[in-house]
Amino acid sequence: AEFGLVFPRSPEALRAVLAEVIEDAGNELPGVARLALQRAHLHWIDIELQMAWCDQRIASHVRSDERAKKASTLLGVGPTTASAVVASVGDFKQFANARQFCAWMGLVPSQNSTGGKARLGRITKRGDDYLRTLTPSQGGVEDAAGYLKNVKQKIVEAEIAAVEVRAADDDH
């Protein structure tokens, strides 16, 4: 409000009025401030174009990688999550079960067991921070474990299907 201009707080609303404010010679905006806003607006547009390009590359990877394609069919898993999980894990067969995968990601409680009595501690939050932020685990550890077990199963199914396709191609 310093120059008599008030802008909306949401990015969408600001985007809608920013170009008009920059072009409006009738407002009290000084030339230097107008130039700074214009440069910031162009930078914002450039960043959005770069983000769209990255999204296209990720979507292309998911379409071309069978494991990522299978993972992206799960509820709550989009192209970014599917691509990141496949890129980070590599071979899902290294995990004997979904709990090991969850432990690798830091989504399970720590365990202190003695005398046959298991005591669960807090969620360890070890592992890949980025992957944890992408997984839909708001329902708690049980929800995350079920989700990750489903992801692992779908990816193993995709790997089996790929082996079968390769074997069929070798037979012909």
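Here goes a summary of the coordinates provided. This one's a predicted model, so the numbers in the text were calculated from it and none came from an experiment. (Residues numbered from 1 in each chain as written. Predicted model: local features only at pLDDT ≥ 70, side-chain atom pairs only at ≥ 80, totals over all residues. Heavy atoms only, no water.)

### Some words on helix H2 (residues 31–64)
Right, on to step 1. Taking 1.5 Å per residue, 34 residues should reach 50 Å; H2 reaches 50 Å between its end C-alpha atoms and fits that length.
Right, on to step 2. Looking only at H2, the buried set comprises Arg34, His41 and Val62.
Right, on to step 3. Elements that come into contact with the buried residues of H2 comprise helix H1 (11–23), helix H3 (66–72) and helix H4 (79–89). (Helix = DSSP H or I, 4+ residues; strand = E, 2+ residues; numbered from the N terminus. Expected span 1.5 Å × (residues − 1). Buried < 20%, exposed > 50% of the residue type's maximum accessible area, 1.4 Å probe, protein only. Contact = heavy atoms within 4.5 Å.)

### Points about the pattern of salt bridges
Right, on to step 1. In this structure the tally under the stated criterion is three salt bridges.
Right, on to step 2. Of the charged contacts in the structure, one is a salt bridge between Glu48 and Arg15, with a shortest N-O distance of 2.6 Å. Taken together, the residues span a long stretch of sequence, with Glu48 in helix H2 and Arg15 in helix H1 at a distance of 33 residues.
Right, on to step 3. With relative accessibility at 31%, the residue Glu48 sits in the partly exposed group.
Right, on to step 4. Classification of Arg15 as partly exposed rests on a relative accessible area of 35%. (Salt bridge = Lys/Arg side-chain N within 4 Å of Asp/Glu carboxyl O.)

### Notes on the packing of H1 against H2
A pair of packed helices can be characterised by two numbers: the angle between their axes and the separation between those axes.
Right, on to step 1. At a minimum axis separation of 10 Å, H1 and H2 run at an interaxial angle of 135 degrees. It follows that H1 is oblique to H2 by the angle criterion. Taken as a pair, H1 and H2 cross one another with a handedness that is left-handed. Residues Pro11, Leu14, Arg15, Leu18, Ala19, Val21 and Ile22 of H1 form the contact with H2, whose own contacting residues are Arg34, Leu37, Gln38, His41, Trp44 and Glu48.
Right, on to step 2. Residues belonging to the contact of H1 with H2 are distributed by class as follows: eight nonpolar, two polar and three charged. (Axes fitted to C-alpha atoms, helices over the stretch in contact; angles between N-to-C directions. Parallel < 35°, antiparallel > 145°, perpendicular 65-115°, else oblique. Left-handed = near helix turned anticlockwise from the far one by under 90°. Nonpolar A, V, L, I, M, F, W, Y, C, P; charged D, E, K, R; others polar.)

### Things to note about the nonpolar core
Generally speaking, a soluble globular protein has its nonpolar side chains buried in company with each other.
Right, on to step 1. Grouped together as the largest cluster of nonpolar side chains are 19 residues, with contacts concentrated most on Ala82, Val85, Val89, Phe92 and Phe101.
Right, on to step 2. Those elements that place two or more of their residues in this core are H3, H4 and helix H5 (98–105).
Right, on to step 3. For this core, the leading source of residues is H4, giving five residues. (Core = buried A, V, L, I, M, F, W, Y, C linked by side-chain atoms within 4.5 Å.)

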